[in-house]
Amino acid sequence: MKTLMGRLASMSEEDRARVLAKVRSAASGAAGAEEPRLAPGSCPDGRGPASFVQEQLWFVSQLAQGVPAYNVSFAFHLTGPVDADALGAAVRDVVRRHDVLRSRLVLADGRLTQEVTDADPELPVHDLGDTPDPERAAEERIAELSRTVFDLAARPPLRLELLRISPTRHALAWIAHHTLVDGWSFGALLTELAAAYRARCAGRDPELPEARLQFRDVARWQRERLAGPTLDRLLESWRKRLAGPVPAELPTDRPRGATQTFRGGMLRFDFGPAAAQGVAAVADRVRVTPFAVLLGAYALVVAAYAGSDAAVVGAPLAGRGRPELDGVVGPFSNTLPLRVDLTGDPPLAEVLTRANDAMLDAVSGQDVPFSKLAEAVRGDRDASRNPLFDVLFNLGNLPPGSDRADLGGQTRLEVRGCPNGTVRLDLELTAEHTAEALTGRLEYNADLFDEATAAALLDDVRLAVGQLAADPAARRSALDLPGAHRRRVAASARAAGGAAPLRPARGASRRARSWSR
């Protein structure tokens, strides 16, 4: 599973050079004055400013109090014999290395601060061996833990539990609020956990390289760097990327309420090896990434359902534009809008090129704080929705190779994500693409959409992927999406019969006014 920056390694040399050129150009263009130094130990008293991402996550968590919508939940499945005491010691070794994992967020004098505590993580062991179905009991317990509601000010929002399924099967539930970690962080955590566990099993302290930078050092540097003219230039670049008519919005099965809801439904999918191979083949043919192919397919479907000539899709960006940030644990990931222009009835290959360019542009501007961008292009805030986009696309959420580890001897570890029944947007499509498989899930807001609507849209994504791969020279107008067609016919019939059409998302006119500034 990969973030956008993690996909650099899978790009062609030419595309990688284009990305790096854009990043360097953005950095040099933003540096009107000498850039502040990213230095370790800049917050020696254990306190530091919250990062922009932490501040945004704290804000939306206040709106969603009592709802675990912003948990990052993983289960580490261990196969082979496990020394629970050594594993507990290894967990403490890792948490002690990264101050952010022991931090709480405190609001004082109108400013949000991250404050390191001396709390050591607890690792209770829950033996499920006597239950009728230990595997199912473990799944249910992990799901229950993933719905933990954290008080961000009271203590570090991290909860761990080791589930014993059998003598050779365990699951380590690792539930954290997004203010502590992002998906990329688990690459570093997994590597360190495996090394620390092997050392503890051998009866010695782990020998891990010093964690020189802490996340609060990075947060202070970000706030010093993204100020004044630097931030103004970033925001102006984003205004240009988002310029143009605001896309029409997806019609919903039920009216949108006054406040955002997070009740989620989920459909898993497996499009099969032929679709996976088709994505890779058309990506090579058009000279784009597989991400661009899948983003293009999704944008085509979303625009078809909305009856629009553009789609704005949120996408998580790693936010780690410097190599020294790769090993720092913390919430760097920044989800930003990618505007895919579909005007002019373009050939499908051109749609993929436009999707690829939107991704490359976003990577070059990934340092912009979400809250500042939302304020710049929207101004006001609608409590019923995300201010910049209603749908999201993600090609996984862990860097390459970080979903498994060797714990020594015969013990192996595999990481699996744990959806918890919440959804942050109207639609969230997460895909996993390999040479032989194209799988994933579509999560949808169950207060807005019926399962049948989500299933039809997902089937249209499958069809769009197939048609892109089969004939990239075909025009957009030739795309055959039965679900979108039925949706438009039903909306027209309802309108002609005097009934209210399938309701467009509330607040569309406000968003249009704001983006046209």
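Rules behind the numbers
The residue numbers shown here count from 1 along each chain, following its written sequence. Whole-chain, interface and lining totals are the exception, using all residues; otherwise, since this is a predicted model, local features are given only for residues with pLDDT of at least 70 and side-chain atom pairs are given and counted only at 80 or more. The side-chain values count all of the structure's non-hydrogen atoms but skip hydrogen atoms and water molecules. To qualify as a helix, a DSSP run of H or I must reach at least 4 residues; to qualify as a strand, a run of E must reach at least 2; elements of each kind are numbered from the N terminus. Any residue under 20% of the maximum accessible area for its type is buried, any over 50% is exposed, and the rest in between are partly exposed; the area is computed with a 1.4 Å probe on protein chains only. Throughout, a residue-residue contact means that at least one pair of heavy atoms, one from each residue, lies within 4.5 Å. To be clear on the numbers: accessible area is Shrake-Rupley with a 1.4 Å probe, and residue cover counts the displayed protein chains and nothing else. A pair of Phe, Tyr and Trp rings is counted when the ring centres sit within 6.5 Å of each other, with Trp represented by its six-membered ring. The angle between the planes then sorts it: under 30 degrees is stacked, over 60 is edge-to-face, the rest tilted. Lines fitted to the C-alpha atoms define the axes, with helices restricted to the stretch that makes contact. Angles between their N-to-C directions range from 0 to 180 degrees. Roughly parallel refers to an angle under 35 degrees, roughly antiparallel to one over 145, roughly perpendicular to one between 65 and 115, and oblique to any angle outside these ranges. Ten residue types, Ala, Val, Leu, Ile, Met, Phe, Trp, Tyr, Cys and Pro, are classed as nonpolar, four, Asp, Glu, Lys and Arg, as charged, and the remainder, Gly among them, as polar. When DSSP finds two or more bridges between a pair of strands, those strands are recorded as paired. Left-handed is the label given to a crossing in which the near helix is rotated counterclockwise from the far helix by less than a right angle, and right-handed is the label when the rotation is clockwise. By definition here, a helix of n residues has an expected span of 1.5 Å times n minus one. The definition of a polar contact used here is a pair of N or O atoms within 3.5 Å, where within protein one atom must be able to donate a hydrogen and the other to accept one, and adjacent residues in sequence count solely through side-chain atom pairs.

Draft legend 1. View of the overall build of the protein chain. Along the backbone of the protein chain there are 14 helices and 17 strands. Within the span of the protein chain, comprising 517 residues, buried residues form 54% of the whole. Taking the contacts inside the protein chain whose residues are at least 6 apart along the sequence as the reference set, 80% of them involve residues at least 24 apart. Here the protein chain has roughly 21700 Å² of accessible surface; of this, 49% comes from carbon and sulfur atoms.

Draft legend 2. Expanded view of the packing of aromatic side chains. All told, the structure shown has ten aromatic pairs when counted by the stated rule. Plain terms: the ring middles of Phe-76 and Phe-186 are 6.1 Å apart, the flat faces sit at 90° to each other, and that makes the pair edge-to-face. In this pair, Phe-76 is assigned in strand E2 (residues 71-79) and Phe-186 in helix H5 (residues 185-201), connecting sequence segments 110 residues apart. Phe-186 matches Phe-76 in its accessibility class, with the two residues each being buried. Both rings, one in Tyr-298 and one in Phe-393, keep their centres 6.2 Å apart while their planes meet at 50°; by these two values the pair is tilted. Here Tyr-298 is found in helix H9 (residues 290-306), whereas its partner Phe-393 is found in strand E12 (residues 391-394), with 95 residues between them in sequence. You'll find Tyr-298 and Phe-393 in the same group, each marked buried.

Draft legend 3. Broad picture of the packing of helix H8 (residues 272-286) against H9. Contact geometry for H8 and H9: axes closest at 8 Å, N-to-C directions at 105°. What the angle tells us is that H8 and H9 run roughly perpendicular. Contact residues: H8 offers Val-279, Val-282 and Ala-283, while H9 offers Pro-290, Val-293 and Leu-294. Residue composition of the contact of H8 with H9, grouped by class: six nonpolar, no polar and no charged.

Draft legend 4. Geometry of the sheet that holds strand E15 (residues 427-433). As summarised here, the arrangement of the six strands in space is E9-E16-E15-E12-E10-E11, forming an open sheet in which the pairing is mixed. Whereas interior strands pair on both sides, the edge strands pair on one side only; in this sheet they are strand E9 (264-270) and strand E11 (334-341). Ignoring strand direction, the axes of neighbouring strands in this sheet form an average angle of 25°. Bridge count between E12 and E15: four bridges; the pairing is parallel. In the sheet register, Val-391 faces E15, and the bridge partner there is Leu-427.

Draft legend 5. Summary view of the packing of helix H7 (residues 229-241) against helix H11 (residues 370-377). In contact at an axis separation of 10 Å, H7 and H11 are set at 60° when each is read in the N-to-C sense. When the interaxial angle is binned, H7 and H11 end up oblique. Between H7 and H11 lies a crossing whose hand is right-handed. Side by side, H7 and H11 meet where Leu-231, Leu-235, Trp-238 and Arg-239 of the first sit next to Lys-372, Leu-373, Ala-376 and Val-377 of the second. In the contact of H7 with H11, the residues fall into six nonpolar, no polar and two charged.

Draft legend 6. Layout of the pairing of E9. Judged by which residues are buried, E9 turns out to be one-sided: Gly-265, Leu-267 and Phe-269 face inward and are buried, whereas Gly-264, Met-266, Arg-268 and Asp-270, on the alternate face, are not. In the sheet, E9 pairs with strand E16 (residues 438-445) via seven bridges, with the strands oriented antiparallel. Its bridge partner lying in E16, Gly-264 is registered against Asn-445.

Draft legend 7. Highlighting the sheet that holds strand E4 (residues 111-116). The strand order across the open sheet built from three strands is E1-E4-E3, with neighbouring strands paired in antiparallel fashion. Edge positions in the sheet fall to strand E1 (47-49) and strand E3 (103-108), since each has one partner strand and no second. Ignoring which end each strand starts from, the neighbouring axes of this sheet average 35° apart. Along the sheet, helix H2 (residues 52-63) makes contact with E3 and E4, crossing E4 at roughly 105°.

Draft legend 8. Expanded view of H5. End to end, H5 covers 24 Å across 17 residues, agreeing with the expected 24 Å (1.5 Å per residue, within 8%). When H5 is considered as a whole, its buried residues turn out to be Ser-185, Phe-186, Gly-187, Ala-188, Leu-189, Leu-190, Glu-192, Leu-193, Ala-194, Ala-196, Tyr-197 and Ala-199. On its buried face, H5 sits against E2, helix H3 (84-97), strand E7 (169-177), strand E13 (404-406) and strand E14 (412-417). Positive phi shows up at Gly-203, right after H5, with a value of about 80°.

Draft legend 9. View of the environment of Arg-220. In this structure, Arg-220 sits in helix H6 (residues 215-225). Given a relative accessible area of 31%, Arg-220 falls into the partly exposed group. Remark: the alpha-carbon pair of Arg-220 and Phe-52, spanning 168 residues in sequence, is separated by 9.9 Å. Those residues in contact with Arg-220, other than ones at most four positions away along the chain, are Ser-42, Cys-43, Gly-48 and Pro-49.

Draft legend 10. Layout of the side chain of Thr-422. Looking at where Thr-422 falls in the secondary structure, it is placed in the loop between E14 and E15. The exposure class of Thr-422 is buried, given its relative accessible area of 14%. Looking at Thr-422, its side chain comes within polar contact range of the side chain of Asn-420, at 2.6 Å. Those residues in contact with Thr-422, other than ones at most four positions away along the chain, are Val-67, Pro-68, Ala-69, Phe-262, Gly-264 and Glu-443.

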